[in-house]
Amino acid sequence: MNKDKCLCRPTEVLIFPCTGGSNVGQIANEAAKQLTNQGCGKMYCLAGIGGHIRGIVESTKAAKKIVVIDGCPVSCARKTFEHAGFSIDKHIVITELGIKKENGFPLDGGQIENVVTKIKS
Ligand code: SF4
C-alpha cells in the first residue's frame, strides 16, 4: 500500500488549522490547504466553530474525523473545539514537529512539505 495515499474520502475528514498570526500558525494553514488539494480531507472553518454557526457545526458533527492543526502549544484551535463540546480525533502542533515559532511569516516551502508528510503518515 502506498503510505502517502489516504484511505478516507475527503468529505469524511475535516481539517481545522489555527491560522494564527505567526509563522507556525500560517504553516498550519498552508499544510491544511495542501492536504485538501491532495485529497486527504477538507480544510474547514474554525471561526465557524468558535462562532457556533449552525451549518458549520452540523457539518462538523457529520464528519468521520476531525483533524486539528495548531501552530504552537497554546492550542487555540483545540481549545475552540473543547469550548464547543467536540472531541477531536487528531491534534497536531507544528512546533512539536521541530519548527520554531517566530513573529512574521518566513514561510519555508520545505518546512510545509515536511509537515504535510508527517501529518499524512
Ligand atoms: S495555537 Fe499558537 S500559532 Fe495558533 S493561533 Fe494560537 S497562539 Fe497563534
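As the structure is a computational prediction, the values presented were derived from the model and not from experiment.

Draft legend 1. Focus on the pattern of salt bridges. For the structure on display, the rule yields 4 salt bridges. In this structure, Glu12 and Lys64 form a salt bridge, with 3.3 Å as the shortest nitrogen-oxygen distance. Placement of the pair is Glu12 in the segment before strand S1 (13–17) and Lys64 in the loop between helix H3 (54–62) and strand S3 (65–70), with a sequence separation of 52 residues. What makes Glu12 buried here is its relative accessible area of 16%. Between Glu30 and Lys33 there is a salt bridge; the shortest N-O distance is 2.9 Å. Within this pair, Glu30 and its partner Lys33 are both found in helix H1 (residues 23–37), separated by 3 residues, close to a single helical turn.

Draft legend 2. Quick look at helix H5 (residues 109–120). Between the first and last C-alpha of H5 there are 17 Å, a value that for 12 residues agrees with the 16 Å anticipated at 1.5 Å per step. Residues of H5 that are buried in the fold lie against H1, S3 and strand S4 (90–93). Sitting at the amino-terminal end of H5 is Asp108, which places a side-chain oxygen 2.7 Å from the backbone nitrogen of Gly110.

Draft legend 3. Broad picture of the packing of aromatic side chains. In this structure the tally under the stated criterion is 3 aromatic pairs. Between Phe16 and Phe81 the ring centres are 4.7 Å apart and the planes differ by 75°, which places this aromatic pair in the edge-to-face class. Of the two residues, Phe16 sits in strand S1 while Phe81 sits in helix H4 (residues 76–83), which places them 65 residues apart along the sequence. Of the two residues, Phe16 and Phe81, neither departs from the other in class, the shared state being buried.

Draft legend 4. Here's a closer look at the sheet that holds S1. Pairing is parallel across the open sheet formed by 4 strands, whose spatial order is S2-S1-S3-S4. A strand with exactly one partner marks an edge of an open sheet, and here the two such strands are strand S2 (42–43) and S4. Taken together, the 5 bridges between S1 and S3 define a ladder with parallel strand orientation. Paired with Pro17 across the two strands is Ile69, which belongs to S3.

Draft legend 5. A look at the site of the ligand. Surrounding the ligand, one finds Cys18, Gly20, Ser22, Gly25, Asp70, Gly71, Cys72, Val74, Ser75, Cys76 and Lys101. Classifying every residue of the shell around the ligand by side-chain character gives 4 nonpolar, 5 polar and 2 charged.

Draft legend 6. Structural context of the pairing of S1. Extensive coverage of S1 is indicated by the burial of 5 of its 5 residues. A two-sided burial pattern is seen for S1, the buried positions comprising Val13, Ile15 and Pro17 on one face and Leu14 and Phe16 on the other. Bridging between S1 and S2 involves 2 bridges; their strand directions are parallel. Residue pairing across strands places Ile15 opposite Met43, the latter belonging to S2. In this fold, S1 hands off to H1, which returns the chain to S2; that crossover is right-handed.

The rules we used
- Residues numbered from 1 in each chain as written.
- Predicted model: local features only at pLDDT ≥ 70, side-chain atom pairs only at ≥ 80, totals over all residues.
- Heavy atoms only, no water.
- Salt bridge = Lys/Arg side-chain N within 4 Å of Asp/Glu carboxyl O.
- Helix = DSSP H or I, 4+ residues; strand = E, 2+ residues; numbered from the N terminus.
- Buried < 20%, exposed > 50% of the residue type's maximum accessible area, 1.4 Å probe, protein only.
- Expected span 1.5 Å × (residues − 1).
- Contact = heavy atoms within 4.5 Å.
- Polar contact = N/O pair within 3.5 Å; in protein donor to acceptor, adjacent residues only side chain to side chain.
- Phe/Tyr/Trp six-rings, centres within 6.5 Å; stacked < 30°, edge-to-face > 60°.
- Pairing = 2+ DSSP bridges.
- Near = heavy atom within 4 Å.
- Nonpolar A, V, L, I, M, F, W, Y, C, P; charged D, E, K, R; others polar.
- Right-handed = clockwise from strand over helix to strand, strands pointing away.

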